[in-house]
Amino acid sequence: MKTLSVLGSTGSIGTNTLDVVRRNRHLNEVYSLVAGQNSAMLVEQILEFRPRFAAVATEDAFAQIVSSLANSSLPRSEWPELAWGDQARIDAVRAPEVDTVISAIVGIAGLPATYEAVRLGKRIGLANKEVLVSGGALVMEAVREHGSELLPVDSEHNGAHQCLRAGNRAQVEKLILTASGGPFRNTPREELASVTPAQALNHPTWRMGNRITIDSATLMNKGFEVIEACWLFDFAPSQVDVVIHPQSSVHAMIEYSDGSVLAQVCATDMRMPIQYALTYPDRCEAPVPKIDWRQARKWEFQPPDFEKFPLLKLAYECQEAGGSATCTLNAADEIAVEAFLQGRIGFLAIHEIVQETLSRVRSKTPRTIGDILEMDRASRVCARELAAGRLASPVTA
Ligand SMILES: NC(=O)c1ccc[n+]([C@@H]2O[C@H](COP(=O)([O-])OP(=O)(O)OC[C@H]3O[C@@H](n4cnc5c(N)ncnc54)[C@H](OP(=O)(O)O)[C@@H]3O)[C@@H](O)[C@H]2O)c1
């Protein structure tokens, strides 16, 4: 039996996690739920999963939860402890009862609580990007020191984790991460300047939160995954390749020194890697229909176009550079994506803002989570100024 804390329970990964829990009640119970602003969904989750602790990001959302619970049939004596704010996210993972934390808050807000869970030696089902992209060196040091288990929930890293269990790590020469190629895989570069947020949000294979969907359209997300893979599995950036695979059925491959390649293949559904992270090293009944091998299918593989998607190349360069470059990369990208989604900048300006922020914010070696948060803040200030200076050519949905 696992006792869970779900950070980001109202998001795409969070709701999929709770669906896996729903299907395996005998294996999992929920101790704490953490959301941002979506108090209506959190109240529904509280009533269904009956956690002992629930938290939101703001005082307003907290007041809404109190009022909705007061109007519900749940007696006050059975309410969870309720909290809001930065400290509440950390408190949600601290209880000794919690052995497994699903880290699925979007953004840097997910880092401190996940780091705390790592320091407390818990199992982390990791979806949040910032934990390793912004805090990779510190987090991995803490994983080693405290013996915590980092199980990737991202389908590519989860696939890599499964492949790496099959053989001797010392004989693995390459990790190959697949990418769907996003909605603009076949769009000529000249046309990218005028694509709209609605077009960019139309991901061909996955339904995800807005930020990660735009990052998939620019291939920034794949760049983040390269960085995460380096930390998770101790690879140099040059050992991690990306291949475009529009069907998204093969999630990752590893190549041994003799040229043999192992691939991990499963249904394109996030409940697969989430369940794996919860049940590892065991497996249980598939949460979604299995691939039907009686159906004919075609799988394609193409190299990525680094010229058309320069953010992917930038991710390799930042990981090579080390220090806080990847933290700045992430922070600047988040601001640029936000500006794009609000129609304040064009699609190609996302890369320009990120590149310019990297050249303006000096890289440092962060020693604490506080240092990372400060670096993240400074990078955002810079990226915001740059985005504000580009108001001239707005693109609307
Ligand atoms: N979706 C995927 O398939 C996928 C795959 C791999 C990795 N990831 C990564 O996993 C993370 C979550 O992705 P997602 O697609 O699930 O995002 P999402 O649908 O946007 O959900 C984000 C979650 O974070 C919560 N949140 C945001 N700010 C918060 C704060 N300050 N305090 C507490 N909670 C906060 C949101 O709460 P409210 O909605 O209540 O405001 C929501 O529950 C991201 O880092 C993403 O890159 C996602």
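Being a predicted model, the structure only gives us computed values, none of them experimental.

## Brief notes about the sheet that holds strand E8 (residues 172-179)
Taken in spatial order, the four strands of this open sheet run E9-E8-E10-E11, and their pairing is mixed. Where the open sheet ends on each side, the last strands, each with one partner, are strand E9 (240-244) and strand E11 (261-265). Averaged over all pairs of adjacent strands, the angle between strand axes in this sheet comes to 20°, irrespective of strand direction. Strand direction decides the pairing type here: E8 and E9, joined by five bridges, are parallel. Directly across from Ile-176, in E9, lies its bridge partner Asp-241. The sheet strands contacting helix H8 (residues 155-164) are E8, strand E10 (250-256) and E11, and the helix crosses E10 at an angle near 40°.

## Examining the confidence of the model for the protein
Detail in the predicted coordinates should be disregarded across regions flagged by low pLDDT. When the pLDDT values of the protein are averaged, the result is 95; 98% of them are 70 or greater. Note on residues 392-397: pLDDT is under 50 here. Beyond four places in sequence and across chains, it has 17 contacts.

## Concerning the sheet that holds strand E3 (residues 53-56)
Backbone-to-backbone hydrogen bonds pair the strands of a sheet. The strands run either parallel or antiparallel. Spatially, seven strands are ordered E4-E3-E2-E1-E5-E6-E7 in an open sheet, and the strand pairing comes out parallel. Two strands close off the open sheet at either side, each with one partner strand: strand E4 (81-84) and strand E7 (149-152). On average, each strand axis in the sheet is inclined to that of its neighbour by 25°, with strand direction left out of account. Across the face of the sheet, helix H5 (residues 111-119) comes into contact with strand E1 (2-7), strand E5 (100-103), strand E6 (123-126) and E7 while running at roughly 145° to E6.

## Looking at the nonpolar core
Membership of the largest hydrophobic core comes to 91 residues, with the highest contact counts inside it found for Leu-150, Leu-175, Leu-329, Phe-347 and Ile-350. The biggest single contributor to this core is helix H15 (residues 325-341), with nine residues. Not counting the four nearest positions on each side in its chain, Ile-350 is found in contact with Ile-214, Thr-218, Leu-311, Asp-333, Ala-336, Val-337, Phe-340 and Ile-345. In this structure, Leu-18, Leu-69, Ile-102 and Met-270 belong to the second largest nonpolar core, which totals 31 residues.

## Brief notes about the site of the ligand
In the neighbourhood of the ligand, 25 residues make up the surrounding shell, with Thr-10, Ser-12, Ile-13, Gln-37 and Asn-38 lying closest. The separation between an oxygen atom of the ligand and a polar main-chain atom of Ala-127 is 3.4 Å. Within the backbone of Gly-209, a nitrogen or oxygen atom sits 3.0 Å from an oxygen atom of the ligand. Isolated, the ligand exposes 890 Å² of accessible area, and the fraction of that covered by the protein chains is 85%. The residue makeup of the shell around the ligand, split by class, is 12 nonpolar, 10 polar and three charged.

## Focus: the packing of helix H12 (residues 220-233) against H15
It is at 12 Å that the axes of H12 and H15 come closest, and there the two elements cross at 155°. Overall, the two elements H12 and H15 adopt an arrangement that is roughly antiparallel. Between H12 and H15 lies a crossing of left-handed hand. Note on element contacts: H15 touches H12 through Thr-326, Leu-329, Asn-330 and Asp-333, opposite Met-220, Phe-224 and Ile-227. A breakdown of the residues in the contact of H12 with H15 according to their chemical character gives four nonpolar, two polar and one charged.

## Some remarks on the packing of aromatic side chains
As enumerated under the stated definition, the model contains five aromatic pairs in all. Measuring from centroid to centroid gives 6.0 Å for Trp-293 and Trp-299, while their planes differ by 75°, and the two rings are edge-to-face. Arranged with centres 6.2 Å apart and planes meeting at 65°, the rings of Phe-306 and Tyr-316 form a pair that is edge-to-face. Of this pair, Phe-306 sits in the loop between helix H13 (271-279) and helix H14 (310-321) while Tyr-316 is found in helix H14, placing the two residues 10 residues apart along the sequence. Here the guanidinium or amino end of Arg-76 rests over the ring plane of Trp-79, the centre of that ring lying 4.2 Å away. Lying over the aromatic face of Phe-235, Arg-169 brings its terminal NZ or CZ to 4.0 Å of the ring centre.

## A short note on H15
Because each turn of an α-helix spans 3.6 residues, side chains separated by three or four positions in sequence point in the same direction. Given a rise of 1.5 Å per residue, 17 residues ought to cover 24 Å, and the 24 Å separating the end C-alpha atoms of H15 matches this to within 8%. Gly-343 sits one or two positions beyond H15 and adopts a positive phi of about 75°.

## Some words on unusual backbone geometry
Cis geometry is found at the peptide bond from Tyr-280 to Pro-281, where omega equals 5°. Examined against the element boundaries, Pro-281 turns out to sit in the loop between H13 and H14. Although it is not a glycine, Arg-50 adopts a positive phi angle of roughly 50°. Structurally, Arg-50 can be placed in the loop between helix H2 (39-49) and E3. Overall, the relative accessible area of 40% leaves Arg-50 in the partly exposed class. Within the chain, Ser-248 stands out as a residue other than glycine whose phi angle is a positive 55°. Here Ser-248 shows up in the loop between E9 and E10.

Cut-offs and rules
- Residues numbered from 1 in each chain as written.
- Predicted model: local features only at pLDDT ≥ 70, side-chain atom pairs only at ≥ 80, totals over all residues.
- Heavy atoms only, no water.
- Pairing = 2+ DSSP bridges.
- Helix = DSSP H or I, 4+ residues; strand = E, 2+ residues; numbered from the N terminus.
- Axes fitted to C-alpha atoms, helices over the stretch in contact; angles between N-to-C directions.
- Contact = heavy atoms within 4.5 Å.
- pLDDT = per-residue confidence, 0-100.
- Core = buried A, V, L, I, M, F, W, Y, C linked by side-chain atoms within 4.5 Å.
- Buried < 20%, exposed > 50% of the residue type's maximum accessible area, 1.4 Å probe, protein only.
- Near = heavy atom within 4 Å.
- Polar contact = N/O pair within 3.5 Å; in protein donor to acceptor, adjacent residues only side chain to side chain.
- Areas by Shrake-Rupley, 256 points an atom, 1.4 Å probe, with all protein chains shown as cover.
- Nonpolar A, V, L, I, M, F, W, Y, C, P; charged D, E, K, R; others polar.
- Parallel < 35°, antiparallel > 145°, perpendicular 65-115°, else oblique.
- Left-handed = near helix turned anticlockwise from the far one by under 90°.
- Phe/Tyr/Trp six-rings, centres within 6.5 Å; stacked < 30°, edge-to-face > 60°.
- Lys NZ or Arg CZ within 6 Å of the ring centre and 35° of its normal.
- Expected span 1.5 Å × (residues − 1).

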